[in-house]
Amino acid sequence: MVFRSGRTRGTRRRRGGFRWQILLLFALGAGAYYFMNQKQVPYVCDGRYTEYAPDMCRKQLRTMALDKEKKLGLQSYVQILQDEQSRNPRAIVQGGQNYEAVQKIGADIARAAQEEAAELDFDWQFNLVQSEQANAFALPGGYTAVYTGLLPIAQNEDGLAVVMGHEVAHALARHGAERMAQQNIQKIVGAGVSLGTGGMDFGAQRAIMGVFGGVSQYGFALPFSRKHESEADFIGLILVARACYDPREAPKLWDRMGQAGGAKPPEFQSTHPAPETRVQNFQKWMPMAINIYNQNCPDKIRQ
Ligand SMILES: [Zn+2]
C-alpha cells in the first residue's frame, strides 16, 4: 500500500507497469538470506587437496538443521525401500556376492569419510535393491542404496566404489540441504516478481513469470546442479582413494555410464557437466588421488 500512496502526491504511476520497488525489496531480502547463511563445504577447501583443485573451494547456502536433514533423509529412504518392496517382495537383497560387495565397499567408504563425517554423525546404511534401473543414491544421514541394474556398468569393485563414493559425497557435502535453501531464494525472488507484476494485465504477467522461470532454472538451478556433480566427483575420488579402491577407474566408470545412458538415462546424467569437462577434471585430480592412495594403501600405484 505504501506504493499507492505515491499517487495522491502526484507521482501517479502509469497503470500496468512493473513495480520495481517490490521486486527490489524481495531481492534485498533474498540477498540477506543468501549472505547470512553461507557455510563451508567439506573437503573442497582442505589444504591437502586445494593445490590440485584451487577452483573447487567454496561456501554454500544452507539453513536446514542437520537433525531435520537426516530425519528427512531417513523418511525418504524408508519410503523408497518400502515402495520397492511393495513392487517386489524380494527387492531388498539380503545376501550373496553382490550384497557382500556393497556392504564391504560401503563400510570402506564410510571409514574413509570418518574424519569429516564424525560431526555429522551419519547412521550409515547400505542396501542393494533388485531392479533394472542403473541407479544408486545416498540420502542425508548416509542412507545409501545401489540398484542391481548398476552392477553391469560398475563391472568391478573399483567401479562400484566410484559410484558409491560419488553418491556418498553428495550427502557429505549436504547438497540436498543446499538445494532446498536455493529453492527458498527462488521462491522469495519469485514472490517479488509476482507481486511486482500485480498491476499488469494477465498476458504480461505470464510472460514475465515465464522469463523469470527460465532465468532461475538455467541461470541458477542448473549451473548449481552441475557444480554439485563436479563436487561429488571430486570428493568421491578422495573417498575412493582413501578407501584403497583404484581411483583410475573413475573416468572409465563415468564413460561406461555415459555409454549406457540409452533410452532411459541414469539419475546421474540429468544435470551433468559435459563429458569432456568430466574427463579433464579427473585428469587434473588424478595425481592427488594417487598420492592419497599411495599414502593410505599397502600396494602402491605407479603413475
Ligand atoms: Zn551425482
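Above this text sits the structure in question.
Numbering of residues starts from 1 in every chain and runs along the sequence as written. Side-chain atom pairs in this predicted model are given and counted only at pLDDT of 80 or more, local residue features only at pLDDT of at least 70, and totals for whole chains, interfaces and linings cover all residues. Hydrogens and waters are ignored; side-chain quantities use all the structure's heavy atoms.

Participant: What should I look at first to understand the state of the cysteines in this one?
Facilitator: Disulfides are covalent bonds that link the sulfur atoms of two cysteine residues. Any cysteine sulfur atom paired with another within 2.5 Å is treated as part of a disulfide. Enumeration over the complete set of coordinates arrives at two disulfides. Linked covalently through their sulfurs, Cys45 and Cys57 form a disulfide whose S-S length is 2.0 Å. One disulfide, between Cys45 and Cys57, carries an S-S torsion of 100 degrees and so falls in the right-handed class. Of this pair, Cys45 sits in the loop between β1 (38-40) and α3 (47-50) while Cys57 sits in the loop between α3 and β2 (59-61), and the two are twelve residues apart along the sequence. Partly exposed describes any residue whose relative accessible area lies between the buried limit of under 20% and the exposed limit of over 50%, with all areas from a 1.4 Å probe on protein chains only and scaled to the type maximum. On the basis of relative accessible area, Cys45 is assigned to the partly exposed category, the value being 24%. What makes Cys57 partly exposed here is its relative accessible area of 39%. Secondary structure follows DSSP: runs of H or I at least 4 residues long count as helices, runs of E at least 2 residues long count as strands, and numbering of each begins at the N terminus.

Participant: What am I meant to see in the packing of aromatic side chains here?
Facilitator: Describing an aromatic ring pair means giving the distance of the ring centres and the angle of the ring planes. Two rings from Phe, Tyr or Trp (for Trp, the six-membered ring) form a pair when their centres are within 6.5 Å of each other. A pair whose planes differ by under 30 degrees is stacked, one over 60 is edge-to-face, and the rest are tilted. Summed over the entire model, instances satisfying the criterion amount to nine aromatic pairs. Between Tyr77 and Tyr143 the ring centres are 5.5 Å apart and the planes differ by 35 degrees, which places this aromatic pair in the tilted class. You can see Tyr77 sitting in helix α4 (residues 66-87) and its partner Tyr143 sitting in strand β5 (residues 143-147), a full 66 residues away along the chain. On the accessibility criterion, Tyr77 (1% relative accessible area) is buried. Aromatic side chains Phe282 and Trp285 sit 5.9 Å apart centroid to centroid with 80 degrees between the ring planes, which places their arrangement in the edge-to-face category. Of this pair, Phe282 and Trp285 both sit in helix α12 (residues 275-296), three residues apart, which is roughly one turn of the helix. Residue Phe282 is classed as buried on the basis of its relative accessible area, which comes to 3%.

Participant: Honestly, the pattern of salt bridges in this entry has me stumped. Any pointers?
Facilitator: Two side chains of opposite charge can pair, provided their charged atoms sit close to one another. Here, a salt bridge means any Lys or Arg side-chain nitrogen found within 4 Å of an Asp or Glu carboxyl oxygen. Applying the stated rule across the entire model yields 16 salt bridges. Ionic pairing is found between Arg58 and Glu231, a salt bridge with its closest N-O pair at 2.6 Å. Placement of the pair is Arg58 in the loop between α3 and β2 and Glu231 in helix α10 (residues 202-242), with a sequence separation of 173 residues. Take Arg58: its relative accessible area is 11%, and that puts it in the buried class. Note that Asp108 and Lys104 form a salt bridge whose closest N and O atoms lie 3.7 Å from each other. Here the residue Asp108 and the residue Lys104 both occupy positions in helix α5 (residues 97-112), the gap between them amounting to four residues, near one helical turn. Assessed through its relative accessible area of 14%, Asp108 is described here as buried.

Participant: Looking at this model, I keep getting lost on the coordination of the zinc ion. Mind explaining?
Facilitator: Ideal values differ by geometry: the angle at a metal is 109.5 degrees with four tetrahedral donors, but 90 or 180 degrees with six octahedral donors. Nitrogen, oxygen and sulfur within 2.8 Å of a metal are treated as its donors, or within 3.2 Å for sodium, potassium and calcium (Na, K, Ca); water is not counted, so a site can appear incomplete. Note on the zinc ion: its protein donors are His166 (NE2), His170 (NE2) and Glu229 (OE). The metal-donor distances range over 2.1 Å. When the donor residues of the zinc ion are listed from N- to C-terminus, their spacing reads H-x3-H-x58-E. Here the residue His170 occupies a position in helix α8 (residues 157-172), and Glu229 occupies one in helix α10, the gap between them amounting to 59 residues. For the pair formed by His170 and Glu229, the shared burial category is buried.

Participant: Would you mind showing me how to read the environment of Asn37 here?
Facilitator: As for its placement among the helices and strands, Asn37 is situated in the loop between α2 (20-36) and β1. Expressed as a C-alpha distance, the spacing of Asn37 and Ser225, which sit 188 residues apart in the sequence, is 19 Å. Here a residue-residue contact requires only that any non-hydrogen atoms of the pair lie within 4.5 Å. In contact with Asn37, not counting residues within four places along its chain, are Gln60, Leu61, Arg62 and Thr63. Counted as a polar contact is a pair of N or O atoms within 3.5 Å, where, for protein atoms, one must be capable of donating a hydrogen and the other of accepting one, and residues adjacent in sequence contribute only when both atoms are in side chains. Engagement of the side chain of Asn37 in a polar contact is seen with the backbone oxygen of Tyr33, the distance being 2.8 Å.

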